[in-house]
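Chain by chain, the residues run as shown.
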Amino acid sequence: MSDSDDDPRPAAPSYAEPPTEPCTDAARARLAMAYEAYALSDLARAAVPIGEHELRPDGSARSPGSVLADAVHVLRAAHRFFEAAAVAERLGGAGWQLIGDVLGVDARTARARFAAAESCFREELRSPEGISATGDPGDAGWWRAYTAGNPLEAARDLDDWVLCHEEGDGGLGAAPVSGGLARPNPGQRPRRRRHG
């Protein structure tokens, strides 16, 4: 009997692809959106508990403005998630008209709202070494740089987070994020998409 037979812990899930296998640009955009959803969720979850010493006996705040500051961080995270969703849709093939229809605006308005975010994301795909964090709480610059070099490893980090927060019998499987990433077919060069 080997030492591994005595270990009661379940074996780590095996992954068929090596962690360095490239992902499509659309999959990277969806991964960026997944990160923003994670960040938003963690910020919102942190706002739920009322700290034991947060309120005075009369119900007033011990640190006036702190709850509103937390809400601002959640709102900014929601905006980043919203923007990342639009970029993921664009890189996934959606036209400006479809995005506008979903948002209830015309294509021109949708383009004006999200074209810069899409352009920035595409530039980061071309030059990942230029990615930097802004210092804004929740800024995902470090994540984008990590994802650019290690997309499957980054996705597996999110797999762990999802599985840790899974409620009930969600049936998500062992790879709820990394398992859904699209990868180019071997030998196939990624298609270049027009930006219009």
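Calculation rules
- Residues numbered from 1 in each chain as written.
- Predicted model: local features only at pLDDT ≥ 70, side-chain atom pairs only at ≥ 80, totals over all residues.
- Heavy atoms only, no water.
- Helix = DSSP H or I, 4+ residues; strand = E, 2+ residues; numbered from the N terminus.
- Buried < 20%, exposed > 50% of the residue type's maximum accessible area, 1.4 Å probe, protein only.
- Contact = heavy atoms within 4.5 Å.
- Areas by Shrake-Rupley, 256 points an atom, 1.4 Å probe, with all protein chains shown as cover.
- Salt bridge = Lys/Arg side-chain N within 4 Å of Asp/Glu carboxyl O.
- Core = buried A, V, L, I, M, F, W, Y, C linked by side-chain atoms within 4.5 Å.
- Axes fitted to C-alpha atoms, helices over the stretch in contact; angles between N-to-C directions.
- Left-handed = near helix turned anticlockwise from the far one by under 90°.
- Nonpolar A, V, L, I, M, F, W, Y, C, P; charged D, E, K, R; others polar.
- Parallel < 35°, antiparallel > 145°, perpendicular 65-115°, else oblique.
- Expected span 1.5 Å × (residues − 1).
- Patch = residues over 30% accessible without salt bridge, like charges linked within 9 Å, V, L, I, M, F, W, Y side chains within 5 Å.

Right, let's get into the overall build of the chain. Scanning the chain from terminus to terminus reveals 7 helices and 0 strands. The order of α-helices and β-strands along the chain, N terminus first, is α-α-α-α-α-α-α. Put simply, the chain has 196 residues, and 26% of those count as buried. Counting contacts in the chain only where the partners sit at least 6 residues apart, residues at least 24 apart contribute 67% of the total. Total accessible area computed for the chain in this model is approximately 12700 Å², and 55% of it derives from carbon and sulfur atoms.

Attention shifts here to the pattern of salt bridges. Inspection of the entire model under this criterion finds 5 salt bridges. With a closest N to O distance of 2.9 Å, Arg90 and Glu118 form a salt bridge. One end of the pair, Arg90, is in helix H3 (residues 66–91); the other, Glu118, is in helix H5 (residues 107–126), with 28 residues separating them in the sequence. Residue Glu118 is classed as buried on the basis of its relative accessible area, which comes to 4%.

Grouped together as the largest cluster of nonpolar side chains are 13 residues, with contacts concentrated most on Cys23, Leu31, Trp143, Ala155, Leu158, Val177 and Leu181. Of all the secondary structure elements, the ones that give two or more residues to this core are helix H2 (25–46) and helix H7 (151–165). Of the residues forming this core, the biggest block, 5 residues, is contributed by H2.

As a further point, take the environment of Gly95. Mapped onto the elements, Gly95 comes out in the loop between H3 and helix H4 (96–103). Distance in space between the C-alpha atoms of Gly95 and Ala110 is 9.8 Å, their sequence separation being 15 residues.

Okay, the packing of H2 against H7 next. At their nearest, the axes of H2 and H7 sit 11 Å apart, and the two run at 35° to each other. Crossing of H2 against H7: the hand is left-handed. Where H2 approaches H7, its residues Arg28, Leu31, Ala34, Tyr35, Tyr38, Ser41, Asp42 and Arg45 are matched on the opposing element by Pro151, Ala154, Ala155, Leu158, Trp161 and His165. Of the residues assigned to the contact of H2 with H7, the class counts are 9 nonpolar, 2 polar and 3 charged.

The next thing to look at is the side chain of Thr147. Its place among the elements puts Thr147 in helix H6 (residues 141–149). Look past the residues within four positions of Thr147 in its chain and what remains in contact with it is Arg28, Leu31 and Ala154.

It is worth spelling out the packing of H4 against H5 at this point. At a minimum axis distance of 8 Å, the contact between H4 and H5 shows a crossing angle of 110°. Overall, the two elements H4 and H5 adopt an arrangement that is roughly perpendicular. Facing H4, whose interface residues are Trp96, Gln97, Ile99, Gly100 and Leu103, H5 presents Ala107, Ala110, Arg111, Phe114, Ala115 and Glu118. The residue makeup of the contact of H4 with H5, split by class, is 7 nonpolar, 2 polar and 2 charged.

Taking 1.5 Å as the rise per residue, H3 with 26 residues should run 38 Å; its terminal C-alpha atoms sit 38 Å apart, in good agreement. Looking at H3, one finds that the buried residues are Val74, Ala77, Arg80, Ala84, Ala86, Val87, Ala88, Arg90 and Leu91. Contact partners of the buried residues in H3: H2, H4 and H5. Where H3 terminates, the next one or two residues include Gly93, which has phi positive at roughly 115°.

Together, Phe82, Leu98, Val102, Leu103 and Val105 make up an exposed nonpolar region whose accessible area comes to about 410 Å². Of the residues forming the nonpolar patch, the biggest block, 3 residues, is contributed by H4. Here Leu103 shows up in helix H4.

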